[in-house]
Amino acid sequence: MSIFIVSKRSDSLSGIITVPGDKSISHRALIFGALSSGTTKIHGLLVSQDVTNTANALTSLGVPSEIINNTWHINGVGTGGFIQPTTATLDFGNSGTGVRLMLGALAGHDITVTCVGDKSLSRRPLQRVTAPLKQMGLTVDSSCNTLPVTVTGTTELLPIEYTLPVPSAQVKSAILIAGLQARGTTCVIENEATRDHTERMLRYFGAKIETKCKNGRTSISVDGYTELTGREVWIPGDPSSAAFLIAAATIVPGSDLTLNNILYNPTRTGFYQSLLEMGADITLKNKRELGGEPVVDIRVRSSKLKGIIVPPERAPSMIDEYPILAVTAAFAAGTTVMQGLDELKVKESNRLSATAAGLVANGVDANIYDATLTVIGTQSVLGGGLVTTNLDHRIAMAFSILGLGALNAVTIDDGSVLATSFPDFCSVVRSIGGNIETVWSSS
Ligand code: S3P
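Source: prediction; values computed, not measured.

Cut-off values and rules
- Once a new chain begins, its residue numbering starts again from 1 and follows that chain's sequence as written.
- At least 70 in pLDDT is required for a residue's local features to be given in this predicted model, at least 80 for side-chain atom pairs to be given and counted, and no such filter applies to totals for whole chains, interfaces and linings, which use all residues.
- Side-chain figures throughout are based on the complete set of non-hydrogen atoms in the structure, without hydrogens or water.
- In these notes, a set of buried Ala, Val, Leu, Ile, Met, Phe, Trp, Tyr and Cys residues joined through side-chain atoms within 4.5 Å is what counts as a nonpolar core.
- Each residue is assigned to one of three classes by its accessible area relative to the maximum for its type, calculated with a 1.4 Å probe on protein chains only: buried under 20%, partly exposed between the two thresholds, exposed over 50%.
- Helix and strand definitions follow DSSP, with helices as H or I runs of at least four residues and strands as E runs of at least two, each counted in order from the N terminus.
- Contacts: residue pairs with any heavy atoms within 4.5 Å of one another.
- Here, any two strands with at least 2 DSSP bridges between them count as paired.
- Each axis is a line fitted through C-alpha atoms, and for a helix only the stretch in contact is used; angles between axes span 0 to 180 degrees, taken between their N-to-C directions.
- Domain start and stop positions are those given by an automatic or database domain assignment.
- Here the quantity called buried area is the total loss of accessible area, with a 1.4 Å probe, experienced by two parts when brought into contact, counted for both.
- The salt bridge criterion pairs a side-chain nitrogen of Lys or Arg with a carboxyl oxygen of Asp or Glu, the two atoms within 4 Å.
- Proximity is defined per residue: any heavy atom of the residue falling within 4 Å of a molecule or strand makes that residue near it.
- Two N or O atoms form a polar contact when they lie within 3.5 Å of each other; inside protein one atom must be a possible hydrogen donor and the other a possible acceptor, and for residues adjacent in sequence the pair counts only when both atoms belong to side chains.
- Each accessible area is a Shrake-Rupley estimate made with a 1.4 Å probe; only the visible protein chains count as cover when residues are assessed.
- Only centres within 6.5 Å qualify two rings of Phe, Tyr or Trp (six-membered ring in Trp) as a pair; their planes then separate them into stacked at under 30 degrees, edge-to-face at over 60, and tilted for everything else.
- Charge-over-ring placement is defined geometrically: NZ (Lys) or CZ (Arg) within 6 Å of the ring centre, and within 35 degrees of the ring normal.

1. Observations regarding the nonpolar core
Right, on to step 1. The biggest cluster of nonpolar side chains holds 75 residues, and the ones touching the most others in it are L245, I246, L259, L359, V375 and F425.
Right, on to step 2. In terms of residue count, the dominant contributor to this core is helix α7 (residues 239-251) (nine residues).
Right, on to step 3. Apart from the residues within four sequence positions on either side, V375 is in contact with A326, A329, A330, G334, T335, T336, M338, L359, V364, D365 and A366.
Right, on to step 4. The next biggest cluster of nonpolar side chains, apart from the first, holds 65 residues, and it includes L90, F92, I111 and L176.

Take a look at the structure:
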C-alpha cells in the first residue's frame, strides 16, 4: 500500500494557527538534556519521526526519559555518561541532523556504535562530519563517505580549530558538541553564518561558549570539560514548516492567515526577506524571546508577487525553504533567480533537481544552470503533475501547496514522508480551507 497526497485549487485560506515545534531546536534540546546533569523539561517538542529517532537513540544509550502531560523529561546522564547500547545499530531514519549531531555526542564516549539510516540518509555525505571528529580522536570504521558507519569514541578527545569547508550548522554543531567533551578549547570558524541554535542553547545549559564576528567570518569557541545543567526549554514553532502555510496564504487569492509563536532567529529569516522583496503582505507582531530564541506572530495576506534575484549569500538563512520559494515564484510575475544552491544537492533528496522537476511536471518553466535555479513565473500555474518525493518531506509539502493555487490537481507520490517533520500537515492545511487529501493505493 502507498499513500498519495492530492491537492486542488482552493478558495481563500484563513484562520489562526500554530505549527509544530522547531525541528533543529527539538533535536538539540534532547541531546543537550541527555548530556546534562539533572532533569531537562522540554515543552513543545516536535514529535515527528526525525526527532523520535534521536530520542530512541538516546534511550538505547542509557538516557532515561518520560513524557508527563506532553512535557518531555530527560534525565541527563552528563557528558561521558552514555552506555554501550545492546541494540546492534542506532537507526536515524531520514535525519541528517540526528545522525550528525549525535556523532558529535558519541565522540566523547568510550563505546562503539553503528549508525544507520534510510535510503535517503544513506546517500548523504558524512565525511564532512567524520573528518573533523577523527582529528579530535573519534575512530571511524568505514572508508565510505556515507552510512552505515561504526564509530568508537574516546574520553581523551582533543580540541581543534576548524574552518568549515561548507556552510553547515550540522557540521558546526557536531564539532562544538564534541568540543564540550574535549580537553581545552575547540574553535569552529564559519565563512558564512549558519543557524546558531547550538550556540544559544549550549550557553543556556551553562557551557562556556564565545562567538566573535570579524570581516564576515564568525568564530565560535567552546571550552571542554564544562558540565551542562538540565534546564526547562520551550520550543517555538518551526519557521521551515510555517513557510509552507505562509506561501499558501500568499498565493491563494483572498487569504488572511495568522501563525502564532514562530521562531524568528536572524539566521533563519531569508525566506521572509525574499517574500517581502517579491511583494508579499507579511506583518510581524509581538516580537519576544522564548528560551533564548526570538519568536513572533505572523500575519500573511495574499498579494501579487514579482520575480526577484535571491543572492547566494542568503542561502544558509533559508536553506530548507528553496523548494517552497521556487513554488511561490511560479505564481509571480516575472523571473526569479536563486543562486548558490550547491548544498541543496545533498539534502534529503537532490532538492535542486527535484524542485525543478516538480515545477516542470506542473507546467512551470524552470531550469538549472550550475547551482542556480531559475523559475519563470506565470499567474496561471497549470498543475496536473505527479511529483516524485524521493523520501523528501519538503518536496512533498512544497508541491502540495502548488496544487492549492494551480488550475489542475497535483498528486504527490508519497505522503508518508510528512511524518519526518510535520505529521499533521494535511489536517492543518484543511483546517484553514485548503483542498487537500491523502489517498491510499494498493499499487
Ligand atoms: C540543520 C541544518 C541544516 C538544515 C537542516 C537542519 C540543523 O543542514 O538543512 O534541516 O538543525 O543544524 P546543514 O547543516 O546540512 O546545512
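Having put the structure on the table, let's press on.
2. Observations regarding the sheet that holds strand β13 (residues 217-223)
Right, on to step 1. Read from one edge to the other, the open sheet built from four strands follows the order β10-β11-β13-β12, with strand pairing classed as mixed. Of all strands in the sheet, those bounded by a partner on one side alone are β10 (161-163) and β12 (209-214). Strand-to-strand, the axes of this sheet are offset by a mean angle of 15°, without reference to chain direction.
Right, on to step 2. Of the pairings in the sheet, the one linking β10 to strand β11 (residues 185-190) comprises three bridges and is parallel in character. Within β11, the residue paired with E161 across the bridge is C187.
Right, on to step 3. Here helix α5 (residues 169-179) sits on the sheet in contact with β10, β11, β12 and β13, set at roughly 170° to β11.

3. What to know about the domain arrangement of the chain
Right, on to step 1. Taken domain by domain, the chain holds domain 1 (2-21 + 236-441) and domain 2 (23-234).
Right, on to step 2. Inter-centroid distance (C-alpha atoms) of domain 1 to domain 2 is 29 Å.
Right, on to step 3. Contacts between the two partners involve 31 residues from domain 1 and, on the opposite side, 28 residues from domain 2.
Right, on to step 4. Buried area between domain 1 and domain 2, both sides added, is near 2,400 Å², and the carbon and sulfur share of it is 49%.
Right, on to step 5. Linking domain 1 with domain 2 are four salt bridges.

4. Observations regarding the site of the ligand
Right, on to step 1. Taken together, K23, S24, R28, T97, P167, S168, A169, Q170, R195, I319, D320 and K347 make up the full set of residues near the ligand.
Right, on to step 2. A distance of 2.9 Å is found between an oxygen atom of the ligand and a backbone nitrogen or oxygen belonging to A169.
Right, on to step 3. At 2.9 Å, a backbone N or O of Q170 approaches an oxygen atom of the ligand.
Right, on to step 4. For the ligand, whose accessible area on its own is 380 Å², the fraction buried by protein is 95%.

5. As for helix α4 (residues 127-136)
Right, on to step 1. Residues of α4 that are buried include every one of R128, V129, T130, P132, L133 and M136, and no others.
Right, on to step 2. Here the buried face of α4 lies against α3 (96-106), β8 (139-140), β10, α5 and β11.

6. Some points on the environment of A406
Right, on to step 1. Summarising the element assignment, A406 is placed in the loop between α11 (393-405) and β24 (410-412).
Right, on to step 2. Residues A406 and I251 lie 155 residues apart in sequence; the distance between their C-alpha atoms is 9.6 Å.

7. Considerations on the packing of aromatic side chains
Right, on to step 1. Applying the stated criterion to the full structure yields six aromatic pairs.
Right, on to step 2. Seen in terms of ring centroids, F271 and Y272 are 6.1 Å apart; in terms of plane orientation they differ by 65°. Their pairing is edge-to-face. For the pair F271 and Y272, one class covers both residues: buried.
Right, on to step 3. Geometrically, the ring pair formed by F422 and F425 is edge-to-face, given 5.5 Å between the ring centres and 75° between the ring planes. For the pair F422 and F425, one class covers both residues: buried.
Right, on to step 4. Taken together, the ring pairs connect F32, Y204 and F205 into an aromatic cluster.
Right, on to step 5. Residue placement shows R231 over the ring face of Y204; its charged tip is 4.0 Å from the ring centre.

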